[in-house]
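# Structural description and commentary
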Amino acid sequence: SALRIAQKRCDEAVPLSREALGMTRQFLPERHALIATAAFGLARALEACGEAREAQPLALEALRIRTELMPPGAWQIGEASRFVGRVQVPRVVDKQ
């Protein structure tokens, strides 16, 4: 799906990424590194297609899994952390 994202083909990138994550979840335990990779891939596709709000929980999931499974300082943790910062959706503060 990375190629589809680069080609601005969101109509293909997002469904392919969703399918990849679904298949990965079907066959692997929920805290597996490949789940993090697939969730991160879908989050990137969604963000590239203007869906940051939907990308945020997937990016957070990828970061949590990577943080649990990888040694501190691993580049994958930094990558996910930077991406989470990019897709943060500001909270609306009620001024009442």
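Read on for a plain summary of the structure.

### Focus: the nonpolar core
If you look at the biggest cluster of nonpolar residues, it comprises 24 residues, and the most contacted ones within it are Leu21, Leu42, Ala43, Leu46, Leu58, Ala59 and Phe83. Put simply, the parts of the chain that give this core at least two residues each are α2 (10-27), α3 (33-48), α4 (52-69) and α5 (75-87). Per-element tally for this core: the top contributor is α3, with nine residues. Ignoring sequence-local partners within four residues, the contact set of Ala43 consists of Ala55, Leu58, Ala59 and Phe83.

### Some details on the state of the cysteines
Tallied over the entire structure, the rule returns one disulfide. Disulfide pairing is shown between Cys10 and Cys49; the S-S distance is 2.0 Å. Measuring the twist about the S-S bond at about -100 degrees, one finds the Cys10-Cys49 disulfide to be left-handed. Linking Cys10 in helix α2 with Cys49 in the loop between α3 and α4, this pair joins segments that are 39 residues apart in sequence.

### Side note on the packing of aromatic side chains
To describe a pair of aromatic rings, you give the distance between the ring centres and the angle between the ring planes. As enumerated under the stated definition, the model contains one aromatic pair in all. Here the aromatic rings of Phe40 and Phe83 are separated by 5.3 Å at their centres, their planes lie at 70 degrees, and the arrangement is edge-to-face. You can see Phe40 sitting in helix α3 and its partner Phe83 sitting in helix α5, a full 43 residues away along the chain. With a relative accessible area of 4%, Phe83 lands in the buried category. Directly above the ring of Phe40 sits Arg66, whose terminal nitrogen or CZ lies 4.7 Å from the centroid.

Calculation criteria
Residues numbered from 1 in each chain as written. Predicted model: local features only at pLDDT ≥ 70, side-chain atom pairs only at ≥ 80, totals over all residues. Heavy atoms only, no water. Core = buried A, V, L, I, M, F, W, Y, C linked by side-chain atoms within 4.5 Å. Buried < 20%, exposed > 50% of the residue type's maximum accessible area, 1.4 Å probe, protein only. Helix = DSSP H or I, 4+ residues; strand = E, 2+ residues; numbered from the N terminus. Contact = heavy atoms within 4.5 Å. Disulfide = S-S within 2.5 Å. Phe/Tyr/Trp six-rings, centres within 6.5 Å; stacked < 30°, edge-to-face > 60°. Lys NZ or Arg CZ within 6 Å of the ring centre and 35° of its normal.

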